[in-house]
Amino acid sequence: MTTQTPLSIKKVKSMKNVMPRQQAPFSWHAYLMILPSLSVFLIFYIIPIFYLIFLSFHDWDLVNPVKQWIGLGNYFELLQDADFLQVLQNTFVYTLLTVSLLIILSLLTSLWLNQNDIFTRFVQGAIFSPYIISLVSVALLWLWMMDPQYGLLNAILTWFGLPPYPWLDSPDTALYALVLVSVWQGLGYNTLVFIAGLNSIPTDLYEAAALDDTPSWKTFFRITLPMLSPTLFFLVIIDLIASFKVFETIAIMTGGGPLNSTNMLVYYIYQYGFRFYKIGYASAAAVILLIILSILTWLYFALLEKRVHYR
Amino acid sequence: MPWRNAMRWLTTLFSISGMLLLSIIFIFPFLWMLLTAFKSYYETVVFPPIWIPSSWHPENFVKAWSSGPFLHYFKNSLLVAIGILFLQIPTIVLAAYAFARYQFFGRSLLFALTMVTLMVPGQLIFLPDFLILSQLGLINTLWSLILPFASSAFGIFLVRQSFKQVPEELLEAARLDEAKEWQIILNIMVPMARPALITFALFSFITHWNDYFWPLVMTTDDVARTLPLGIAKLRQVEGGSAWQIVMAGNVILVAPILLIFFIAQRYIVRAFVYTGSK
Amino acid sequence: MKKRTQSFKEISAVMVVFVFLTLMNACGPKETTSTSNGASTNANNNASSNTNASPSTTAPKEKIVINYWYSWGDKIGETKESLVKMFNESQDAIEVKAAYQGTYDDQHAKVQAAFVAGNAPEVWENEIASVGVFAQAGLTQDLTPFVERDQFDIKDFIPGLMGNSYVDGKLYALPYFRSTPLLYYNKTLFKEKGLNPEGPKTWDEFAEFTRQLTEPGKRVGMTLAPSVWYYEALVKESGGEVMTPDGKIGFNSEAGIEPVRFWKMLKEEGVMKVPTTDDAGNVARTDFENGRSAMYFSSTADLTKLLELAKGAGFELGATFMPKNKTYGVPTGGANIVMTAGLTPEKQEAAWTFIKWITSKDQTIYQSTHTGYLPSRISAVESPEMQAVYKEQPLFKVAVDQLEYAGPRPMMKQYPEIAKILQDEIGRALIDSKTTPEAAIQAAAQKAEKILSK
C-alpha cells in the first residue's frame, strides 16, 4: 500500500495480513513497556477483584468485625433469587438493545456526517454535547420529558396521532425508555470514533473503486466496512461492557423500578452491598458479573478478531 | 438537466433540515440546562414549563460559585483530569505498542488481564481500593483520584487498534535506518494513532472531569475535592432543591470543556482528517 | 520531520500546563479544609482573626481536632457549618472540622469504609432507621455513661423523638435534625370548594375531600408518592406497626392491609394519582405546586420552601396532621447524631462536649428556625424565640404538635431490604388491577419472613 498505483478491489481483498512478527517470545522490551500499565491494573483492579472473590464466600454486613465463612452459600442463594434472575434478564435485554441501536445508528450517522463543512462540524458538536454533560444535569429534564401526562415526548406523539407511551411509568416500558436515553447519550461519541475510523481509510481505495464504476453499496460492503472493522470491533465490545456496567442512569432516573423492571446488575450489587448490608452476597453477584463479561469478551475475541481486517 | 439540479437542491435541503433536526434533538437538553440556570426558582418548577425566563437571574451563578470554595474545586478538577492524562498517554502508548507489535510469552494472558479491568465498575471496587489507598495514606489527597486511573484499558485497546494498522514495511524500513524503538514509537506510531489518541484524550478528560462517585468516596473533606462534588452540595433532599442554582452550577461544570472544545476544535478536526498511510 | 516536532509540541504543551498547575497548587491554600473556619494546620500566623475568640495569641494551645461528617447541602448544610463555626469560636480547646459527605446513604457507606480502614470520623449523622445497625455492630459509642456522669438533661428531649436513640436499652444517639411527614394542602382551593380550611381530619374526610377537589382533566385531589415512610404513617394510623418492637413483621395484619386498600380505592376512583416511578416525589410536588393536585405529603423540613412556592404560585398553604384512621400516627424522620466507638478518652471527651453543645436548647432553636426541621427539646418549643415563630407562622407548629402521635422507624438491619420489598409489592397492588392488597401484603410478608429468618 505504499505504492502509487491504484489497486483494484480484488487485490485489496486478497491481501492477507501476513506480516513477519518481531523477536523471540521472551521479550524484555515488551514486558518493560507493559509494566507501568500492568502495575496500575494489578494494584487497583486485580487485587480488588480477588478481595471481592474472597468476600463472596462470606456473610458480612460491612460493620461487624467478624466475617462469616459460608462457602458457596451466596451463589446458591443468588441463582435461586427471582429478583436476581430478573436483573440478569434486564441487563441482557438492555445491553442487546442499546448496543445494536448505538452501533447501527452511529455508523449511519458517521457516514452522513463525514464531511468537513461548517454545518457538519456544528452537527458533530451537537450530537457530542450529551457526552460532555454529566447525566445528572439533564436527568430532570428527561424525567419531565417522559412524564406520561405532561411530558414533551407524549405531546409529540399525540400530535402525530399516536397513542401516548408510558415511558418510565410502567414496568413494561421503562427499560426501553432507558435504552433511548442511553443511545442518546452515546451516539455522539460512537459517531466520532467511526468518523475517525473512516478518515483513516486511504482514499486511493475509493479512487480505485470509482475507476471500476462500483455501485456505492458495494463500495460500502467491500471497502468501507472491512476497513472499518478494527473500529467496529472496538466499539461493539466497549459499548457492550459499558452497557453491562450501567449504574448512574438507573440511580438517577429510575432507582431500579418500577417493580424492578429497570434494575440491573451493578445497581443491584450496590444496593445489596451498601444499602442492605449484605456485602458478601453483593460480592458474589459481582463475581458472576465478571464471569459473564469475561466469557462474553473471550468469545468475542476468539470468534471475531480473526475477521478484523488490520492492514 | 434542470431536474438534476432540482434533485441536488432537494437533497441538500433534506440534508440540512435533517441535520438541523438532529442537532435540536441532541442540543435540546443542553439548552434547557443553560436557560434554567437563569430562571427564578418558581420558573423552574412551573407547569407548563417555561422555556425562556421572563427575567434573567445571572446572580444564580454567583450563588452557585460562592456556595463553596469553587476556585479550589476547579483547580483540583483541572489537576486531576490533566494529571491523569499526563500519566495515561505514555503508559497507554507503550502498552499498546507492545501488545500490537510484539510477540511474547503471556501476551494473550496479559491482554486479557487488561481487558478484565474494563469490566469492573467503580461502584464495586471502591471499597478495596479505599482500603489500599488508606494503607498508603493517600485518602483525601489528589493522588487517590489520579493513581487508580494512571493507565486505561480502554485507551490501550483503542490505540492498539490503530497501531495494528501500521504497515510492517514502514517499521522495517525504519529499523533498517537504524532507528531506535523509542524513535519509531514517537515518529511513526504516535502520529498514526493520532485520531485515536485525541479521541481517547477527550474521553478521558470528560469522564474524569465529570466524575462524581470516585471523588465522593475517596475524599473526606474539601482539600482534594473536585467540582462535581461542589455542585452536588447545591442539592437538598427533604426540602426540594433550588434547581436554578443547581443548573447554574452544572453550567459552570460544563463551561471549561466547551472552552477546550472551542479552542481545540480546529486542531481536533485536523487530527481526524489526517489520513496517514504514507 | 514535521511529525516529530508535532509530537514534541503536544507533549511539552501538556507538561507545561501540568507544571504550571502544580506550582499554582503549591502556592495556593492547600491545607484549608472546611469552608467556615480559617484555623488551618500550616499557619501559625493567626493574624487578627475576625472572631472574638480566645485572647491567647502567642503560643496557641494544642487543640483537639475532631471530624464531623454531615449530609445534605444547600440551606441545611449551611446551617450545620454555621453551627460548627459558632462552636469553634465559643471555646478554644476543641476544633471541629465539618465535612459534607453526600446523602445519608453516601455518608453511611463512607463511614463504613472509613471504619474498616481505621480512620472513621469522630462524630457523624446516623439516619434514624440505621441507628440500630451501627450500634449493634459496635460502630457507635454507648452514650449512657456520659449522660449519667454529666447529668445531661435528656428528659427535655421530646419523647416522640427518642425512639430511634435507644438500642437494647442503651442510648447510642441523640435527636438532631428530625422531621415528621405532614399533610400539606392548598387552602385557597379548599375555600373555593367550601371545604374545611383546617383540612381533613380522618381518612373518610380525606377521601371525601379528594372527590370534591377532583376535576377530570384538570386536577386530582392528591398526587401520592407511595413511599414506605408514608405507608408507615398509615399503618400507625390504622393501629398497627410495620415492624413490631421485637423485630417481627407487623404489617401482615389488617392494619397493614388497610392503607393499601385505601390508596388503591382512591386511585381506581380517579381522585388520586399515584406515579410509581422513582421520581414520584418530584411529580407529586410539581403537581401540587401547579394546582394540578390539592394535597401533598411531605416532610416538615419542606415547609419553608413550600411557603415560598405557594406565595409565588398565588395560593395559601395549609398544613395539618396526617389524617387519622383509628388514631393519628406518624413515623419520624431525619437523623440523630452519634459518636464513633473506640476513640481515645481525650477524643471521646471532645466529641461528647461537641455533641452536648449541638443538641442543647439554643442550638436546636437555631437549627429549627433556619431549616424547618423540628426543635428537639421541649424547652426549645416553649422558648420565647420558637413561640414567636409559631405565632407568626402557625404552620411551623403543626409538626411539633403531631409529635404526640409520633413513633420511631424500624431500625433493624434487614429493614432497608424489607422496605424495598414493601415498596415493590405495594406498587404492584396499585398498578396491577389483578393484584389485591391482601395478596400484595401476603407476598411481601413471605419475602420478608425469609430475610428475617436468616
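Above this note sits the structure.
Since the model is a prediction, treat every value here as computed from it, not as a measurement.

*Asks:* I tried to follow the overall build of chain A on my own but got confused; where do I start?
*Replies:* Helix and strand counts for chain A come out as 13 helices and two strands. Expressed as a percentage of its 311 residues, the buried residues of chain A come to 57%. As presented, chain A carries roughly 13700 Å² of accessible surface, and 69% of it is formed by carbon and sulfur atoms.

*Asks:* In this structure, what is going on with the sheet that holds strand β13 (residues 333-339) of chain C? I would like to understand it.
*Replies:* Strands pair in a sheet through their backbones, by hydrogen bonds, and they do so in one of two ways: parallel or antiparallel. Residue and element names in this part refer to chain C. Taken together, five strands build an open sheet; the order of strands is β2-β1-β3-β13-β6 and the sheet is mixed. The open sheet has two free edges, formed respectively by β2 (94-100) and β6 (174-179), since each of these has just one partner strand. Each adjacent strand pair in this sheet contributes to an overall mean axis angle of 25 degrees, direction not counted.

*Asks:* What exactly am I supposed to notice about the packing of helix α5 (residues 107-119) of chain B against helix α8 (residues 153-163) of chain B here?
*Replies:* The axes of two packed helices give the description: the angle between them and the distance between them. All names here are of chain B. Two elements in contact, α5 and α8, have axes whose closest approach is 8 Å; the angle formed by their N-to-C orientations is 125 degrees. Considering the angle they form, α5 stands oblique to α8. Residue-level contacts link F111, T114, M115, T117 and L118 of α5 to A153, F154, I156, F157 and R160 of α8. Each residue belonging to the contact of α5 with α8 can be placed in one class, and the counts come to seven nonpolar, two polar and one charged.

*Asks:* What is the right way to look at the sheet that holds strand β9 (residues 272-273) of chain C in this model?
*Replies:* Residue and element names in this part refer to chain C. Overall, mixed pairing links the five strands, which are arranged β9-β8-β10-β7-β11 in an open sheet. The open sheet terminates on both sides in strands that have one partner only, identified here as β9 and β11 (317-320). Where strand β7 (residues 181-186) and strand β10 (residues 293-299) come together, five bridges link them in antiparallel fashion. Bridged to L182 within β10 is S298. Here helix α11 (residues 303-313) sits on the sheet and contacts β7, β10 and β11; the angle it forms with β11, its principal contact strand, is near 150 degrees. Contacts from helix α16 (residues 395-402) reach β7 and β11, with the element oriented near 10 degrees to β11.

*Asks:* Which parts of the structure should I look at to understand helix α6 (residues 135-145) of chain A?
*Replies:* Think of an α-helix as turning once every 3.6 residues; residues three or four places apart then point the same way. Within α6 of chain A, eight of the eleven residues are buried, which leaves the element mostly enclosed by the surrounding structure. Of the positions making up α6 of chain A, those classed as buried are L135, S137, V138, A139, L141, W142, L143 and M145 of chain A.

*Asks:* Sorry, what's going on with the interface of chain A and chain C here?
*Replies:* One frequently used descriptor of interface size is the decrease in accessible area upon assembly of the parts. Listed by partner, the interface residues are 32 residues for chain A and 29 residues for chain C. The contact between chain A and chain C buries some 2500 Å² in all, and 55% of this surface belongs to carbon and sulfur atoms. Of all residues in chain A, V63, L259 and Y277 of chain A bury the most surface against chain C, accounting for 27% of the area lost on that side. Here K278 of chain A makes a salt bridge to E417 of chain C, at a shortest N to O gap of 3.3 Å. Where chain A meets chain C, there are five residue pairs in polar contact (both at pLDDT 80 or more). Taken together, the elements giving at least two residues each to the side of chain A that touches chain C come down to α6, α11 (248-253) and α12 (265-274) of chain A.

*Asks:* Got a minute to help me understand the nonpolar core in this structure?
*Replies:* It is characteristic of soluble globular proteins that their nonpolar side chains tend to be buried jointly. In terms of nonpolar packing, the biggest core is built from 301 residues, with Y231, F251, W263 and M295 of chain C touching the most fellow members. It is helix α4 (residues 70-101) of chain B that contributes the most residues to this core, 16 residues altogether. Counting 39 residues, the second largest nonpolar core, distinct from the first, contains I66, Y104, V123 and V147 of chain C.

Cut-offs and rules
Residues numbered from 1 in each chain as written. Chains lettered and ligands numbered in written order. Predicted model: local features only at pLDDT ≥ 70, side-chain atom pairs only at ≥ 80, totals over all residues. Heavy atoms only, no water. Helix = DSSP H or I, 4+ residues; strand = E, 2+ residues; numbered from the N terminus. Buried < 20%, exposed > 50% of the residue type's maximum accessible area, 1.4 Å probe, protein only. Areas by Shrake-Rupley, 256 points an atom, 1.4 Å probe, with all protein chains shown as cover. Pairing = 2+ DSSP bridges. Axes fitted to C-alpha atoms, helices over the stretch in contact; angles between N-to-C directions. Parallel < 35°, antiparallel > 145°, perpendicular 65-115°, else oblique. Contact = heavy atoms within 4.5 Å. Nonpolar A, V, L, I, M, F, W, Y, C, P; charged D, E, K, R; others polar. Buried area = accessible area lost by both parts, 1.4 Å probe. Salt bridge = Lys/Arg side-chain N within 4 Å of Asp/Glu carboxyl O. Polar contact = N/O pair within 3.5 Å; in protein donor to acceptor, adjacent residues only side chain to side chain. Core = buried A, V, L, I, M, F, W, Y, C linked by side-chain atoms within 4.5 Å.

Function cannot be read off these values alone, since they describe shape.
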